[in-house]
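Chain and residue survey
Chain by chain, the residues:
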Amino acid sequence: MFFLIVSMVMALTFGVVGMVTLVTGRVAVPWLRNSVGRPGVWGTGVMLLAAGVAAARVMPLGANMSLMLGGLVLVGLSQILGRQGARQTK
């Protein structure tokens, strides 16, 4: 019962942070703002992570891992890729 409550709180937190990021275009977590280059991709990744955490008890392991890995890949890409409007000079 304890892990069910903790996982639902985590899923709800991830979902709210991801949705706020998608709606506002800014990362809602202050200490991550400077490291995230593309907030939309980050918000989508966090939403996938929230879905994976929320559905961990009811989905098969393969489907749940697909959601979690997809979310982690998007979160990683949002930090690796540069800012959308920034141009690099030589």
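Please read all numbers here as calculations on a predicted model, not as lab measurements.

Points about the overall build of the protein
Looking only at helices and strands, the protein features three helices and zero strands. Over its C-alpha atoms, taken along the principal directions, the protein stretches across nearly 55 × 25 × 20 Å. Evaluated residue by residue, the protein yields a buried proportion of 27% over its 90 residues. Across the protein, every contact between residues at least 6 apart in sequence was considered, and the portion connecting residues at least 24 apart equals 58%. Surface accessibility of the protein: about 6,200 Å² in total, with carbon and sulfur atoms responsible for 71%.

Remarks on helix 3 (residues 61–80)
Taking 1.5 Å as the rise per residue, helix 3 with 20 residues should run 28 Å; its terminal C-alpha atoms sit 28 Å apart, in good agreement. Taken together, the buried positions of helix 3 are N64, G71, V75 and S78. What you see down the axis of helix 3 is that its buried residues fit within an arc of 65 degrees, all on one side. Facing away from the buried side of helix 3, by more than 90 degrees, are the exposed residues L61, S66, L69 and I80. On its buried face, helix 3 sits against helix 2 (39–54).

Things to note about the side chain of S78
If you trace the backbone, S78 turns up in helix 3. Within the structure, S78 has its side chain in polar contact with the backbone oxygen of V75 (distance 2.7 Å). The residues contacting S78, other than those within four sequence positions of it, are V36, G37, R38, V41 and W42.

Structural notes on the packing of aromatic side chains
Throughout the structure, instances matching the rule amount to one aromatic pair. Between F2 and F3, the ring centres sit 5.5 Å apart and the planes meet at 70 degrees, which makes this aromatic pair edge-to-face. Each member of the pair F2 and F3 is classed as exposed.

Thresholds applied
- Residues numbered from 1 in each chain as written.
- Predicted model: local features only at pLDDT ≥ 70, side-chain atom pairs only at ≥ 80, totals over all residues.
- Heavy atoms only, no water.
- Helix = DSSP H or I, 4+ residues; strand = E, 2+ residues; numbered from the N terminus.
- Buried < 20%, exposed > 50% of the residue type's maximum accessible area, 1.4 Å probe, protein only.
- Contact = heavy atoms within 4.5 Å.
- Areas by Shrake-Rupley, 256 points an atom, 1.4 Å probe, with all protein chains shown as cover.
- Expected span 1.5 Å × (residues − 1).
- Arc of directions from axis to C-beta.
- Polar contact = N/O pair within 3.5 Å; in protein donor to acceptor, adjacent residues only side chain to side chain.
- Phe/Tyr/Trp six-rings, centres within 6.5 Å; stacked < 30°, edge-to-face > 60°.

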